[in-house]
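Breakdown of the fold
Each chain, written out:
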Amino acid sequence: MAESERFDTLLKENRIFLPTKSFRAQANFNDVHIYEKAAEHPEEYWAEQAKHLSWEHPFSKILEWDAPHAKWFADGTLNVAYNTVDRHLENGRKNKAAIIWEGEPGDSKVFTYDMLAREVNKAAHMLVELGVKKGDRVTIYLSMIPELPIAMLACAKLGAIHTVVFGGFSSASLKDRIIDADSKILITADAGWRRGGLIPLKQNADQAVDGTEIEKVVVVQRIGEAANVTMTEGRDIYWHELMESMPTTPFAPEPMNAEDTLFILYTSGTTGKPKGIVHSSAGYLVGANTSMRSVFDMKDDDIFWCTADIGWITGHTYIVYGPLSAGATVVMYEGAPDWPDRHRFWRIIEKYGVSIFYTAPTSIRTFMKWGHEIPMAHDLSTLRLMGTVGEPINPEAWMWYHQYVGREKCPIVDTWWQTETGCAMIAPLPGLVATKPGSATKAVPGISVDVVDQDGQSVAPGQGGYLVITKPWPSMLRTVWGDDERFQKTYFGQLRGIYLPGDGAHLDEEKYIWILGRIDDVINVSGHRIGTMEVESALVDHPAVAEAAVIGRAHEVKGQAITAFVTVKEGIETSTDLIAELKQHVVKKIGAMARPEEILFAAELPKTRSAKIMRRLLRDIAEGRALGDTTTLADPSVVESLKLQYQDKE
Ligand code: PRX
C-alpha cells in the first residue's frame, strides 16, 4: 500500500490524530526542526532551556559526563524556591493565583504567588528555628493540603532536602524511609480526609518515629478534635502555633549549587528495600520547567490540573516544581474523585475553568465504568489539552477520554516517564506530533531513546525489546540515596552509559514507541509501582506464612492487580479469615495500595530444580493462559493443582 493511502486509512480508523492548524499556530513549540536541532546539539538545547530559570550565578559548563554520573550546569548556582515562587513577585505575577486548592469536604483556598511566598518564608523561618540546616533531610508525611507544597518549598528555600512519603503508606513504610534518609524532623497532620473518612496520619507517625532519630514532629491541624491525636510533650508541635510566631520578613533564598540535592523520593525496585531516588536542584528544575512549556504548552492564562498526589513524582513535578517555576496557576484537590459523588472531578473542571488536565489511565478506565453521561453532564469547554501518565493507555480508554472529556477537540499527550527521569521523556509535543491512541509517540527534544535487544543492538520495527535512554539528560536521577552501587547496577549495569528504565517497548513502522510494561519484578497497580519482593516480604513477616510468591496479573481497571501464592507453616489451617488477615497484614506493612487482590494457598510453589520460584507460570495461571514450558519444574504436579484451585476461585 502506498504511504499516503496507509496514512489515510489510519486517519479514517482513528488510529492517528493530527495536530490542528489552530493548535499548532498558538503552540509554544511549533518549529518542527526543533527535534533535529536538539538531537544534533542536545547540550546546547538544554543550555537554552536552562535560560528560562533565574540563576544566582550563571553556569559556564553544561555537562560533565563520567558515566553513569552526570553533572549538569555544575558551576551555576540558583535557588529552586526562588525560581518557583519569589521571582514571580517581580515579573508581573505577584497577584496571580499560584495554587487553587480544594478540600474534600468542599472548603477551598486560593494562594496568589505573593501569599504563597509569605507562607514559604514563614515556614523556612520555622524550620530554621527547629534546627534544620542546609543539606539536612526533612520527612513530610501529609495528604493533599497546601502545607505540603509550602513545606517542600520552605525546604528548598533554605537548602534542606525534603523526602515526601505518600500519605497512603503505612507507619512501617514511613519508618523505613525516615531511617534510610536519616531525618530528624517529620512534618505530618493530625489526619487527612479520604472519601469522607479519616486517614490517621499522626497515629501512623507516632508509631513510625519510635526508634528513629526524629527529634521534632510538626503537626498540621487539618481535622481538629475528631482526629483525636496525642501530642508528645517536647517532641510534637502544632504547625499553626509555630507559624503564628514566625516573622513575615522574607527569608533569603540559600544559593544552591546546581548539583545540590533538592529531594529524595522513594520508589519500589526489585528488592524488598525501596530506593531513595536522588534529584538535583538545577537539572531537575530545567527538566520540569521545559516540559511544562513543551509537552503541556503552558500559557499564562491556563489553569493546570494534575490529579496525582504530591506524594508521587508526578505530583512533585507537575503540581509543584514544573508549573510553579513556569508561573502557572495549578489546581490542587485533596480528596477522592467519587466524593461526595462521581461528578466531583468534572465539577472541579467546570468551577475553576481548568484548561489543561492531566490524569492516569486507571482513573479514565474507572470513569468509563461509571458511564460517559457523568462527564457529559458538565460544561468542559475550557479544556484545551489533556494528558495521561503512569501506565500504557489502552486505545479504548484513549478514545473515550478524547470523546467524552476532550469533546474531540483536545490533543492528548501520553507521557512516559519515571520517578528516576524527573520529567516526561517520551511524549508528543502537542503542536507538532500526530498522536496514536496507545502510543506515547516519541522522545521529547533533547532526549535520545532506543529499543534494543539483550546485546544492546537496536531492534527492527515491530520487534519487542528493552527501552533504553542513550544519553544523559538534566533531570536524571543522580544516585540512590546511600547506595551508589545499587544506582550503578540497577540502571547502568548492562550497557555502559546507557540508562535502562526496566520497561519493554516496541517501535512501529513510523518509529513510534509503544510501551509494553515492566520487564522486571515490579508491578504497576493503578499507576503505582510496587515491588513483588516488598509484598512477599510483608507476607512472610506474618507468623502463619512459610513462603510467598507474588505476581502482577492483568486487571481491567487497575492495569495490573496483585495475586499472591502463599504456603503456610506446618499445622496452620487455611481459611478465608486467614486470607483477610494476610491482606490486612500487607496493608499494615506497606499501605493500602499494596493489598493483594487475591491470595491463594499452595501446598508448594512451582520451583525449578535450583529452587527458583517460576513466577512466569504463576502469571500464566492467574491470567488463565495455557501453561508455558514446565519441563524445568522440580515437581510438575504443583502447577496443575494450583491451576485447578485458581479456576475454583472463580
Ligand atoms: O512502566 C512505566 C510506567 O510507570 C513506570 C514508572 O513509575 P513511577 O516511577 O512510579 O512513575 C510514574 C509516573 C511518572 C514506568 O517505568 N509508565 C509511566 N508512564 C507511562 C508508563 N507506561 C506506559 N505509558 C506511560 N505513559
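All figures in this text were calculated on a predicted structure; none of them were measured in a lab.

For the protein, the helix and strand inventory stands at 21 helices and 30 strands. Radius of gyration (C-alpha) of the protein: 25 Å, near the 26 Å computed for a compact globule of 650 residues. Here the protein, with 650 residues, has 60% of them falling under the buried criterion. In the form shown here, the protein has an accessible surface area of approximately 25,500 Å², with 50% of it arising from carbon and sulfur atoms.

Domain boundaries assigned for the protein yield domain 1 (106-252) and domain 2 (522-649). If you average the C-alpha positions of domain 1 and of domain 2, the two centres end up 37 Å apart. At the interface, six residues of domain 1 touch seven residues of domain 2. Counting each side, the surface lost to burial between domain 1 and domain 2 is near 410 Å², with a carbon and sulfur contribution of 53%. There are zero salt bridges connecting domain 1 and domain 2. Across the contact surface, domain 1 and domain 2 share five residue pairs in polar contact (both at pLDDT 80 or more).

So, about the site of the ligand. If you check the shell around the ligand, you find 17 residues, and the closest are Asp414, Thr415, Thr419, Arg518 and Arg529. Here Thr419 contributes a side-chain N or O atom positioned 2.6 Å from an oxygen atom of the ligand. Between an oxygen atom of the ligand and a side-chain N or O atom of Arg518, the distance comes to 2.8 Å. If the ligand stood free it would expose 540 Å²; the protein chains cover 96% of that surface. Elements with a contribution of two residues or more to the shell around the ligand: helix H12 (313-325), strand S20 (412-415) and strand S25 (513-518). Residue composition of the shell around the ligand, grouped by class: six nonpolar, six polar and five charged.

Calculation criteria
- Residues numbered from 1 in each chain as written.
- Predicted model: local features only at pLDDT ≥ 70, side-chain atom pairs only at ≥ 80, totals over all residues.
- Heavy atoms only, no water.
- Helix = DSSP H or I, 4+ residues; strand = E, 2+ residues; numbered from the N terminus.
- Rg over C-alpha atoms; globule rule 2.2 N^0.38 Å.
- Buried < 20%, exposed > 50% of the residue type's maximum accessible area, 1.4 Å probe, protein only.
- Areas by Shrake-Rupley, 256 points an atom, 1.4 Å probe, with all protein chains shown as cover.
- Domains from an automatic or database assignment.
- Contact = heavy atoms within 4.5 Å.
- Buried area = accessible area lost by both parts, 1.4 Å probe.
- Salt bridge = Lys/Arg side-chain N within 4 Å of Asp/Glu carboxyl O.
- Polar contact = N/O pair within 3.5 Å; in protein donor to acceptor, adjacent residues only side chain to side chain.
- Near = heavy atom within 4 Å.
- Nonpolar A, V, L, I, M, F, W, Y, C, P; charged D, E, K, R; others polar.

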